[in-house]
Amino acid sequence: MRYLPNSHADRQAMLRATGHTRTDELFEQIPAELRFKGKLNLPGPLSEPEILDFFQQAAAQSGREFTSLLGAGAYSHYRPVVVDSLLSRGEFFTAYTPYQAEIAQGTLQAMFEFQTLMAQLTGQEVSNASLYDGSTATTEAALMAMRVTGRHHRLVVARTLHPEYRRIIRTYLQHQDVELVEIPYAASGQIDLTKLESAVDAQTAAVIIQSPNFFGTFENAAQVARIAQRNGALLIVAVTEPLSLAVASPPAGADIVCGEAQSFGVPITFGGPYVGFLTTREKFLRQMPGRLVGQTVDTEGRRGFVLTLATREQHIRREKATSNICTNQSLCALAATIYLCLLGKAGLRQLAEQNLAKAHYAAGQLREIPGISTPFAAPFFNEFVVKVPGDAQSLLDELKAEKIIGGLLLEEHFPELASHVLMCCTELVSREAIDRLVKVCRSAEVNGYQSSVLSKSGS
């Protein structure tokens, strides 16, 4: 009753209004065999010390003692404790939407700073005040490109774009008569430029790539931009590991740069909440989704901040809205802002260089093991693909026994890449852990390779 404060009389009145007599009747559409009966298997009431003990024991089983080589769009970076200390301030933690600018100057300024930082990182002219996450930000960018170009029936997407991002784009567009053309990757692990050249035509609204892409390799954005823009299409570049922008140039020729800023001070937390971003050229400003915070002066000449050019359905007529599902993750954006301001330009570059060095050290050590290779030759940041002999899942199981989460099996998303594993090394992966990884792989390679050879000779 504390959280559902409807009295028995209230519930009866609602049932009568809907033409029912019992609450059970509301669920008759659900087959009886699928309905849960009985009581949930939950512990009884616990005292405060017992509750604290329960969560301490659960935290001890959370896998913190493991080294994780998982990436694939969600990256484990160190979060300075000051990030949560500042986030937890009441004026930030409880704020939602700053409709009343006169009492939300702190929240609006934080959004403005976030926009500034993202525009600087991506090399674009304007940024919005964040979006729900990277996948929906990329989809919003696709919709935006169709509005900008006036072409509503064709998008070209690299197969090296995150598989879940591609699925979400398809979900959004499935009833909009939009042809979604996927371009395969070349031997380098980058988009096949020859196939791209033949796929982009005068009906194409945008070409969507990811850089670093799902395999961790940098795409040649400048060449892709030339192909796209020669046909009047926009180039959208999605970024899931924005830390790469501290050592790599912003995507050359991009019209929209969007993606996921989770790497900047936002914990992985089992998949969210995260923080999407979208930056673009100023000439496309009025077609941007979401909120935009602007700087102004009040009647007394003092600096202030306001929501401006808001294009959501909450602010304008629905048929004129550019988006109606682009939640502004302002608390997560604030975490990213605090994180970036703490590190500064030099600190961010040093951190990126650590990631770069550790990933390349790991890849180099693995390549020295006979039978193991890194098949894609294109430059990469902190994530790379490893091809192993034998059964890749068995290798991951052996690594897990050594308290190493060895990476992501690619076969589920790319059936042609059986025995391929996507590995990521951030600053949280120690050299000692990398050396243990190599030791296990060397041992597993010998066993796996020999069994593979024996099975072939036996056949």
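Our structure is the block above this text.
Note that this is a predicted model, so its numbers are computed, not measured.

Asks: Kindly report on the layout of surface pockets, identifying the contributing residues and their values.
Replies: Within this model, the largest pocket holds a volume of roughly 1500 Å³. Lining the largest pocket are 41 residues; nearest its centre among them are Ser68, Ser76, Ile268, Thr269 and Phe270. When residues of the lining of the largest pocket are traced back to their parent elements, those giving at least two are strand S1 (67-68), helix H6 (134-149) and helix H7 (163-173). A total of 3 residues in the lining of the largest pocket trace back to one element, the largest contributor, which is H7. A breakdown of the residues in the lining of the largest pocket according to their chemical character gives 18 nonpolar, 18 polar and 5 charged. Considering only enclosed or pocket space, the second largest pocket measures out at about 290 Å³ in volume. Lining the second largest pocket we find Leu117, Gln120, Leu121, Leu245, Ala246, Leu340, Cys341, Leu343, Gly344, Lys345, Leu348 and Arg349.

Asks: Any chance you could break down unusual backbone geometry for me, citing the residues and the numbers?
Replies: In this chain, serine 211 is followed by proline 212 through a cis amide linkage whose omega measures -10°. Inspection of the secondary structure puts proline 212 in the loop between strand S5 (206-210) and helix H9 (221-230). Of note, the bond from glycine 272 into proline 273 is cis; its omega dihedral lies within 30 degrees of zero at 5°. Turning to its location among the elements, proline 273 is positioned in the loop between strand S7 (256-260) and strand S8 (276-280). A positive phi is found at lysine 403, a non-glycine position, where the angle reads about 60°. Looking at the element boundaries, lysine 403 is found in the loop between helix H11 (392-401) and strand S12 (404-405).

Asks: Account for the environment of leucine 395, naming residues and giving values.
Replies: Examined against the element boundaries, leucine 395 turns out to sit in helix H11. On the accessibility criterion, leucine 395 (6% relative accessible area) is buried. Expressed as a C-alpha distance, the spacing of leucine 395 and serine 419, which sit 24 residues apart in the sequence, is 9.7 Å. Residues within four places of leucine 395 in sequence aside, it is in contact with Val388, Val440, Cys441 and Ala444.

Asks: How would you sum up empty space enclosed by the protein? Please name residues and give values.
Replies: Counted according to the given criterion, the structure contains 3 cavities of 30 Å³ or more. In this structure, the largest cavity occupies an estimated 60 Å³ of space. Forming the boundary of the largest cavity are Phe215, Thr217, Thr374, Pro375, Phe376, Ala378, Phe380, Glu383, Phe384 and Val385.

Asks: Give me the lowdown on the pairing of strand S9 (residues 293-297), citing residues and values where you can.
Replies: Strand direction decides the pairing type here: S9 and strand S10 (residues 303-307), joined by 5 bridges, are antiparallel. Residue pairing across strands places glutamine 295 opposite phenylalanine 305, the latter belonging to S10. Here S9 folds back onto S10, and the loop between the two strands holds 5 residues, one of which, glycine 301, carries a positive phi near 80°.

Asks: Just give me the short version of helix H10 (residues 330-367), but keep the residues and values in it.
Replies: The end-to-end C-alpha distance of H10 is 43 Å, clearly below the 56 Å that 38 residues give at a rise of 1.5 Å each. Of all bends in H10, the biggest is about 95°, found at glycine 344.

Asks: Account for the sheet that holds strand S11 (residues 383-387), with residues named and values stated.
Replies: Strand order in this open sheet of 3 strands is S11-S14-S13, and the pairing throughout is antiparallel. In this open sheet, the two strands that pair with only one neighbour each are S11 and strand S13 (408-409). Direction of pairing for S13 relative to strand S14 (residues 420-424): antiparallel, over a ladder of 2 bridges. Residue leucine 409 lies in a different strand from S14, and its bridge partner there is valine 421.

Asks: Tell me what's going on with the nonpolar core, and back it up with residues and numbers.
Replies: Leu196, Val207, Ile209, Leu235, Phe264 and Leu348 are the most contacted members of the largest nonpolar core, which totals 51 residues. Per-element tally for this core: the top contributor is H10, with 11 residues. When near neighbours in sequence (up to four residues on either side) are disregarded, phenylalanine 264 contacts Leu121, Pro242, Leu243, Ala335, Ala336, Tyr339, Leu340 and Leu348. By size, the runner-up hydrophobic cluster in this structure holds 30 residues, among which are Val126, Ala137, Leu161 and Ile169.

Asks: Any details on the packing of H6 against H7? Residues and values, ideally.
Replies: At a closest axis distance of 9 Å, the pairing of H6 and H7 adopts a crossing angle of 50°. As the angle between them shows, H6 and H7 are arranged oblique. In this structure, H6 meets H7 at a crossing whose hand is right-handed. Contacts between H6 and H7 involve Gly134, Ser135, Thr136, Thr138, Thr139, Leu143 and Met146 from the first element and Tyr165, Ile168, Ile169, Tyr172 and Leu173 from the second. Here the contact of H6 with H7 is composed, by residue class, of 7 nonpolar, 5 polar and no charged.

Here is what the cut-offs are and how they apply
Residues numbered from 1 in each chain as written. Predicted model: local features only at pLDDT ≥ 70, side-chain atom pairs only at ≥ 80, totals over all residues. Heavy atoms only, no water. 1 Å grid on protein atoms, 1.4 Å probe; cavity = no way out; pocket = protein on both sides within 12 Å on 5 of 7 lines; lining within 4 Å. Points joined across faces, edges and corners; volume = space filled by probe spheres on them. Helix = DSSP H or I, 4+ residues; strand = E, 2+ residues; numbered from the N terminus. Nonpolar A, V, L, I, M, F, W, Y, C, P; charged D, E, K, R; others polar. Buried < 20%, exposed > 50% of the residue type's maximum accessible area, 1.4 Å probe, protein only. Contact = heavy atoms within 4.5 Å. Pairing = 2+ DSSP bridges. Expected span 1.5 Å × (residues − 1). Bend = angle between axes of the 7 residues up to and from the residue. Core = buried A, V, L, I, M, F, W, Y, C linked by side-chain atoms within 4.5 Å. Axes fitted to C-alpha atoms, helices over the stretch in contact; angles between N-to-C directions. Parallel < 35°, antiparallel > 145°, perpendicular 65-115°, else oblique. Left-handed = near helix turned anticlockwise from the far one by under 90°.

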